[in-house]
Amino acid sequence: MASNYYSRSPPPLQHPVPTHPAFIPEPPSTPISPQGYQRFTSSPPNQQYAARSQYHAPFQPIPHHSPPTMQPQPQPHIQQHIPDFAAWGVNDTTAQFGMQLGHSAVAAGQDYVQKNFGGMIPVTMLKHHFNVSNSYVIRKLQLVIFPWRHKPWTRKVRRTEAGHTEWQPPRDDINSPDLYIPLMALVTYILVSAFQTGLQERFHPQILGSSATRALVVVLLDFLFVKCGCYLLNVQGTGQVVDLIAYGGYKFVGVILTLFAGLLKLGPTLYTLVFLYAFAANALFVLRSLRSVVLPETPANVGTVNPASRKRRIGFLFLEAVLQVVYMGILVRV
Amino acid sequence: MLTIGTILYVSLLLINAMAVLSEDRFLARIGWSSVQNPNAGFQPPYDQSGYGFTQQQDAGVKVRLITLISAVRTLMRIPLIGLNLVIIVYELILGG
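Residues numbered from 1 in each chain as written. Chains lettered and ligands numbered in written order. Predicted model: local features only at pLDDT ≥ 70, side-chain atom pairs only at ≥ 80, totals over all residues. Heavy atoms only, no water.

Peer 1: I tried to follow the overall build of chain B on my own but got confused; where do I start?
Peer 2: The number of helices and strands found in chain B is three helices and zero strands. For chain B, the proportion of its 96 residues judged to be buried stands at 15%. Here the contacts in chain B between residues at least 6 apart in sequence split such that 60% fall between residues at least 24 apart. Accessible surface computed for chain B: about 7300 Å², of which carbon and sulfur atoms make up 68%. (Helix = DSSP H or I, 4+ residues; strand = E, 2+ residues; numbered from the N terminus. Buried < 20%, exposed > 50% of the residue type's maximum accessible area, 1.4 Å probe, protein only. Contact = heavy atoms within 4.5 Å. Areas by Shrake-Rupley, 256 points an atom, 1.4 Å probe, with all protein chains shown as cover.)

Now the structure itself:
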C-alpha cells in the first residue's frame, strides 16, 4: 500500500510494509547554485531529482566525489518533487501555488544576496575547504596530535583542468588544510570552556560570548602576524587567506586536550606536561605546514630567495611557532 | 578582557599613532621617509644595503615597512577623522 493515511477506520491488523522508503521532499533547485544542491546522504534510487545545468565551475571534484548513487542525470523536465498534498488534506492547486510562491521567493532572495554580497565570500574556496571525509578527519586529528613521524608535508597538486593547476581537496590529500576541523574545534572549545566554568561554579551566560570573542581574536591575531610577516619578507604568492586561517585554527585541538586534562583533575605537573606537549605538537605542525608557503621548494621558485632572505624567513617561521605558546596560553586561561 | 571593543580601541589608537608621525620632522630624521631620491645628483637610485626600490625583489624589510607605514598614513587620514569623531562623541555621552 502506498499511503498509510487512511481517514476511515484502520484496516485489520496487518503491519504495513513500505514498498519504497520514506519520501524525502526535494529541496528547491535554484538557477544560482552552480552544481545544484549537493546532498551527501543516500537517497532512494528510484527518486529522480533535478540537476540543473552544469556550470563549468572551477572546482570539478565535488560532482566527482559525490557518492555513486547520486549521478547527476541531465533531465529534460525540471521539477518532479511535488509531494502528495491530496493525502494531507490540502487542496492541490492551492498547494502548488504556495510552492511556486515559495520557490520564487527563495530564488529572489538568493538573487539579491548574490548581486550584493556575491563577490565578498569566496564560496568555491569555502566549499573546497569543507570537502572532507571521515577518514580525512581522523587522520588529520592524529596528525595534529602526533606530527613527529609524518613524512611528506607537501600538498598535492591536481591535474590541470583547462590549463590551471589547483590543490587537491582534503578528501584526497592529508596535507591540505581544511576549515571543518578548525570550525568544530572552535565550537568545542567554547563549549568545553563553558563546561569548565560550570564545574567551578562560576558559569554565566556571558562566558560563552567572551570565550568566543577570545578565540576569534586569537585566530585573527595569528593570521595578521603571519600575513604581516609574509608581506614584510616579500613572500611571493603567499597562499590564500582561508588557508592561513585554517592553519591557525588547528591550535584549538591541543587547547581542548589541555582543557580535558584540567577537567580530569590530573594534577598541576601533568597538566603542564600536557600543555607543553600540545604546544610542541602544534608548533611543529605550524612549522611544517607554513614551510611550504614561506620557503619555496619547487624548482621553479628556488632561485628567487637569496640566502640572507632565506635565513630571515626561517627565523620568522621559528618566531611564529614559538608564538603559539602565547596564543595557547591565552586560550587555556578559561 | 580580550573583548572586541578593546581590540577596536587598541587598533584605533595604534593607527592614530601611525598617522600622527610627522613626515619631515621625524621620519626624515631617522631615515624612514617614504622614498624619494634622497640625494640629488647622479648617484644610482639604490645601493647595496637593501634599500632597493626599483627592483621589487630586492626590496628589504625596511623599505617594505616604510612603504606600509606611508600607505597606511595616506589611506587612513580621512577615515580616521570620522572614526575618531564617532568614538569621542560616544565616550563623551555614554563613556561613563
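So, next bit.
Peer 1: What should I look at first to understand the interface of chain B and chain A in this one?
Peer 2: One frequent convention defines the size of an interface as the accessible area lost when the parts assemble. Listed by partner, the interface residues are eleven residues for chain B and ten residues for chain A. The tally of links from chain B across to chain A stands at zero salt bridges. Applying the counting rule to chain B against chain A returns one residue pair in polar contact (both at pLDDT 80 or more). Only helix 1 (4-20) and helix 3 (61-94) of chain B provide two or more residues apiece to the side of chain B that touches chain A. (Salt bridge = Lys/Arg side-chain N within 4 Å of Asp/Glu carboxyl O. Polar contact = N/O pair within 3.5 Å; in protein donor to acceptor, adjacent residues only side chain to side chain.)

Peer 1: I keep staring at the pattern of salt bridges and nothing clicks. Help me out?
Peer 2: Proximity of charged atoms lets side chains of opposite charge pair with each other. Residue and element names in this part refer to chain A. Using the criterion set out here, one finds one salt bridge over all chains in the structure. The partner of Asp222 in a salt bridge is Lys251, and the shortest N-O contact between them spans 2.8 Å. You can see Asp222 sitting in helix 7 (residues 205-232) and its partner Lys251 sitting in helix 9 (residues 251-263), a full 29 residues away along the chain. Both residues of the pair, Asp222 and Lys251, count as buried.

Peer 1: What is the right way to look at the UniProt feature "transmembrane region" (unreviewed entry) in chain A in this model?
Peer 2: Residues and elements named next belong to chain A. According to UniProt, the "transmembrane region" (unreviewed entry) feature falls on residues 179-199, 211-232, 244-264, 270-287 and 314-332. As annotated, residues 211-232 comprises 100% helix and 0% strand, and the C-alpha atoms at either end are separated by 32 Å. Secondary structure across residues 270-287 divides into 100% helix and 0% strand, with the first and last C-alpha atoms of the span separated by 25 Å. (UniProt positions renumbered as here; feature names shortened; annotations may be inferred.)

Peer 1: Would you mind going over the nonpolar core with me for this structure?
Peer 2: Most often, soluble globular proteins keep nonpolar side chains buried together rather than apart. All names here are of chain A. Tyr189, Tyr250, Phe252, Val255, Leu290, Val294 and Leu331 are the most contacted members of the largest nonpolar core, which has 46 residues in total. Among the secondary structure elements, those contributing two or more residues to this core are helix 5 (134-145), helix 6 (180-199), helix 7, helix 8 (241-249), helix 9, helix 10 (268-294) and helix 11 (307-332). For this core, the element with the most residues is helix 10, which contributes eight residues. Setting aside anything within four residues of it in sequence, one finds Leu290 in contact with Val226, Leu244, Tyr247, Leu317 and Glu320. (Core = buried A, V, L, I, M, F, W, Y, C linked by side-chain atoms within 4.5 Å.)

Peer 1: What is the right way to look at the UniProt feature "transmembrane region" (unreviewed entry) in chain B in this model?
Peer 2: Residues and elements named next belong to chain B. UniProt's feature table lists "transmembrane region" (unreviewed entry) at residues 6-22 and 74-93, given in the numbering used throughout. The distance from the first to the last C-alpha atom of residues 6-22 is 27 Å, and the span holds 88% helix and 0% strand. Between the end C-alpha atoms of residues 74-93 there is a gap of 30 Å, over a span that is 100% helix and 0% strand.

Peer 1: Is there a simple way to explain the packing of aromatic side chains in this structure?
Peer 2: When we look at a pair of aromatic rings, we describe it by the centre distance and by the angle of the planes. A complete count under the given rule lists four aromatic pairs over all chains for this structure. Ring centres of Tyr189 of chain A and Phe252 of chain A lie 5.7 Å apart, and the angle between their planes is 40 degrees; this geometry places the pair in the tilted category. On the criterion of sequence distance, the pair formed by Tyr189 of chain A in helix 6 and Phe252 of chain A in helix 9 is long-range, its members being 63 residues apart. Across this residue pair, the class does not change: Tyr189 of chain A and Phe252 of chain A are buried. Where Phe225 of chain A meets Phe316 of chain A, the ring centres are 5.6 Å apart and the plane angle is 35 degrees; that geometry is what we call tilted. Separated by 91 residues along the polypeptide, Phe225 of chain A in helix 7 and Phe316 of chain A in helix 11 bring together distant segments of the chain. Residue classification places Phe225 of chain A among the partly exposed residues on the basis of a relative accessible area of 24%. Positioned above the aromatic ring of Tyr231 of chain A is the side chain of Arg64 of chain B, whose terminal nitrogen or guanidinium carbon lies 4.4 Å from the ring centre. (Phe/Tyr/Trp six-rings, centres within 6.5 Å; stacked < 30°, edge-to-face > 60°. Lys NZ or Arg CZ within 6 Å of the ring centre and 35° of its normal.)

Peer 1: Would you mind going over the packing of helix 9 of chain A against helix 10 of chain A with me for this structure?
Peer 2: A packed helix pair is summarised by two numbers, namely the angle formed by the two axes and the spacing between the axes. Residue and element names in this part refer to chain A. With their axes 9 Å apart at the nearest point, helix 9 and helix 10 run at an angle of 170 degrees to one another. Considering their axes alone, helix 9 and helix 10 lie roughly antiparallel with respect to each other. The residues of helix 10 that touch helix 9, namely those facing Lys251, Gly254, Leu257, Thr258, Ala261 and Gly262, are Tyr271, Val274, Phe275, Ala278 and Asn282. Tallied by class, the residues present in the contact of helix 9 with helix 10 amount to six nonpolar, four polar and one charged. (Axes fitted to C-alpha atoms, helices over the stretch in contact; angles between N-to-C directions. Parallel < 35°, antiparallel > 145°, perpendicular 65-115°, else oblique. Nonpolar A, V, L, I, M, F, W, Y, C, P; charged D, E, K, R; others polar.)

Peer 1: Sorry if this is basic, but what is going on with unusual backbone geometry here?
Peer 2: Note on backbone geometry: most residues besides glycine have negative phi, and most peptide bonds are trans. All names here are of chain A. Positioned with a positive phi, Glu201 is a non-glycine residue whose angle comes to about 60 degrees. Relative to the elements of secondary structure, Glu201 occurs in the loop between helix 6 and helix 7. Judged by relative accessible area, which is 74%, Glu201 ranks as exposed. Located in the positive-phi region is Lys265, a residue other than glycine, with phi close to 55 degrees. Take Lys265: it is sitting in the loop between helix 9 and helix 10.

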